Amino acid sequence: PYRHDVPFRVVNDHGGAVSTSDEHVAHTGQLPEGFPEPELLTADPARWEPGGEYLLGSVNQANGGWVSGQYWMWVLDRAGRVVWAYPTRATAFTNYVRDTRDGRDQLWDEASYWSLWDIGAGSKVHRMKIDGTVTETVATPGLHHAFLDLPDGSILWGDAGVDHELLQQHHPGGEVETLWTCGPFFEGLGMSGWCHSNSMWWNEAENTLIYSFPSDSFVLELDLASADELRWWGHIPTDWSFEPADSSFYKQHGVTLTDDGTLLLSSYVNPLQDVGVVREYEIDAGTETLRQVWSFGADQGIQSHFAGEAHRLAGGNTLHNHGTTPRVREVTADGDVVWDLTFGGSKLIGRTLWLDAEALYDLAP
């Protein structure tokens, strides 16, 4: 961590005789100026995710929710200490930091859509080592929220377009392909208006995209090979319903499928209250029902006005962050909070994910 004393000795056992130096102390550097220092509120080591040693994410330096300004990427340890911090380009939004699928690099977004109001003309995605060495930069015009990488190294992103969102794919050879457009989909449902996404998750087993749109509070499952709209849930014309009826999602973010095949997301608790709640649904195709099987957060009173996400962890816990309430919480299946950290104020926290020590060091050059 920054601002840390590291005691060490030098031991030489070459030639059989062991020689040991006196103890010395090295001092790590100061936390970079301007970085918003986090505060650990709760920690229950006996019950948190075993493989969750380091948290990777991003945060805006300024208060004010969805605002431009200086963004930082960071890695924190379980004690809430900052072990790595990297400022991204001033005024660009950086909200979807992740490691690549092969675990060798970081991917991070430099989105100009909300800061320069240029319809995302200057947006980019960078592939980088943890020492700051950028190994590739991909132009992603129109990028305004989420992107992801595929195993072949291509990048998918939502392009805001002019009238409707386009799903774009940048192939490793440099070709950019438009896979899908929201306009015809809306027209087929008798709808009009602008749609824009805020999260996407690739279902490797089926080669489908779980594609979330907060504009009309709906989630689409899209076949990437054919660009067919397979099914959709939420508040646009659909045959699917919610059970119970009051378990519907609104302004959802961070939508994924769990290993059990359930749909997991972060949502407003209801259309009039931006309290952040995690909802998990069984997808019952026979009755075309999203049946809520688990939920957390409705009674916690923590706002998630913009952004937020939910991830099911390998050990069964769930990681929930609250977006413009910059707070990250790990909760058990029984609803017990076992790790809780805040950056304070109304900064915007981006995508967050746990890395173990090996995965962290894999990001080194």
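What you see is a predicted model; the values in this text were computed from it and never measured.

> Can you walk me through the sheet that holds strand β10 (residues 106-110) in this structure?
The strands making up a sheet are joined through hydrogen bonds of the backbone, oriented either antiparallel or parallel. Read across the sheet, 4 strands follow the order β9-β10-β11-β12 without closing on themselves; strand pairing throughout is antiparallel. Every other strand in the sheet has two partners, leaving β9 (98-99) and β12 (134-139) as the edge strands with one partner each.

> Would you mind showing me how to read the nonpolar core here?
Nonpolar side chains tend toward joint burial in soluble globular proteins. Leu167, Trp180, Leu209 and Leu220 are the most contacted members of the largest nonpolar core, which has 30 residues in total. Those elements that place two or more of their residues in this core are β13 (143-149), β14 (155-159), β16 (176-181), α2 (182-188), β17 (199-203), β18 (208-213) and β19 (218-223). For this core, the element with the most residues is β13, which contributes 4 residues. Every residue in contact with leucine 220, bar those within four places of it in the chain, is listed here: Trp180, Phe185, Leu209, Ile210, Tyr211, Phe213, Glu229, Arg231 and Trp232. Counting residues in each nonpolar core, the second largest holds 19 residues, with Leu76, Val328, Leu341 and Ile349 among its members.

> Help me understand the pairing of strand β20 (residues 229-234) in this model?
With 5 bridges joining them, β19 and β20 adopt antiparallel strand pairing. Paired with leucine 220 across the bridge in β20 is tryptophan 232. In textbook terms, the turn of a hairpin is the stretch between consecutive antiparallel strands, and for β19 and β20 this stretch comprises 5 residues, one of which, alanine 227, has a positive phi near 65 degrees.

> Before we go on, may I ask you to explain the pairing of strand β29 (residues 337-342) in this structure?
Here is the key point about a regular strand: its side chains alternate between the two faces of the sheet. Burial of β29 is extensive: 5 of the 6 residues sit out of reach of the surface. Relative to β29, strand β5 (residues 39-43) runs antiparallel, the two being bridged by 4 bridges. Along β29, the bridge assignment pairs alanine 43 with tryptophan 339. Where strand β28 (residues 325-331) and β29 come together, 5 bridges link them in antiparallel fashion. Paired with arginine 327 across the bridge in β29 is threonine 342. Taken together, β28 and the strand that follows it, β29, pair antiparallel across an intervening segment of 5 residues, in which glycine 335 is found at a positive phi of about 90 degrees.

> Would you mind going over the sheet that holds β17 with me for this structure?
Read across the open sheet, the 4 strands follow the order β17-β18-β19-β20; overall the sheet is antiparallel. Where the open sheet ends on each side, the last strands, each with one partner, are β17 and β20. Each adjacent strand pair in this sheet contributes to an overall mean axis angle of 15 degrees, direction not counted. With 5 bridges connecting them, β17 and β18 associate as antiparallel partners. Pairing of tryptophan 201 across the sheet is with isoleucine 210, part of β18.

> Whenever I open this one, the pattern of salt bridges confuses me. Can you help?
Proximity of charged atoms lets side chains of opposite charge pair with each other. Enumeration over the complete set of coordinates arrives at 18 salt bridges. Of the charged contacts, one joins aspartate 44 and arginine 47 as a salt bridge, the two residues approaching to 2.9 Å between their closest N and O atoms. Across the pair arginine 327 and aspartate 340 runs a salt bridge whose closest N-O atoms are separated by 2.8 Å. With a gap of 13 residues between them, arginine 327 in strand β28 and aspartate 340 in strand β29 connect regions that are remote in the sequence. Among the ionic contacts, a cluster of salt bridges with common partners joins Glu243, Glu282, Asp284 and Arg291.

> Got a minute to help me understand the side chain of aspartate 105 in this structure?
Along the polypeptide, aspartate 105 turns up in the loop between β9 and β10. Here lysine 129 takes part through its side chain, which lies 3.3 Å from a polar atom of the side chain of aspartate 105. When near neighbours in sequence (up to four residues on either side) are disregarded, aspartate 105 contacts Arg98, Asp99, Thr100, Arg127, Met128, Lys129, Thr135 and Leu363.

> What is the right way to look at the packing of aromatic side chains in this model?
What characterises a pair of aromatic rings is the spacing of the ring centres plus the angle enclosed by the ring planes. Enumeration according to the criterion identifies 25 aromatic pairs in this entry. Pairing phenylalanine 185 with phenylalanine 218 gives two aromatic rings, centres 6.1 Å apart and planes at 40 degrees, and the pair type is tilted. With a gap of 33 residues between them, phenylalanine 185 in helix α2 and phenylalanine 218 in strand β19 connect regions that are remote in the sequence. Comparing phenylalanine 185 with phenylalanine 218, the two get one shared label, buried. Joined through ring pairs, the aromatic side chains of Trp66, Tyr71, Phe93, Tyr113, Trp114, Trp117 and Phe306 make up one cluster.

> Where do I start with the environment of glutamate 309 in this structure?
Structurally, glutamate 309 is set in strand β26 (residues 309-312). Considering only alpha carbons, one finds glutamate 309 and glycine 276, 33 residues apart in sequence, at a separation of 9.3 Å. Dropping the residues within four chain positions of it, glutamate 309 is found in contact with His253, Gly254, Ser266, Leu319, His320, Asn321, Gly350, Arg351 and Thr352. Among the polar contacts listed, one links the side chain of glutamate 309 to the side chain of histidine 311, at a separation of 2.8 Å. Of note is the side chain of glutamate 309, whose polar atom sits 2.5 Å from the backbone nitrogen of threonine 352.

The rules behind these values
- Residues numbered from 1 in each chain as written.
- Predicted model: local features only at pLDDT ≥ 70, side-chain atom pairs only at ≥ 80, totals over all residues.
- Heavy atoms only, no water.
- Pairing = 2+ DSSP bridges.
- Helix = DSSP H or I, 4+ residues; strand = E, 2+ residues; numbered from the N terminus.
- Core = buried A, V, L, I, M, F, W, Y, C linked by side-chain atoms within 4.5 Å.
- Buried < 20%, exposed > 50% of the residue type's maximum accessible area, 1.4 Å probe, protein only.
- Contact = heavy atoms within 4.5 Å.
- Axes fitted to C-alpha atoms, helices over the stretch in contact; angles between N-to-C directions.
- Salt bridge = Lys/Arg side-chain N within 4 Å of Asp/Glu carboxyl O.
- Polar contact = N/O pair within 3.5 Å; in protein donor to acceptor, adjacent residues only side chain to side chain.
- Phe/Tyr/Trp six-rings, centres within 6.5 Å; stacked < 30°, edge-to-face > 60°.

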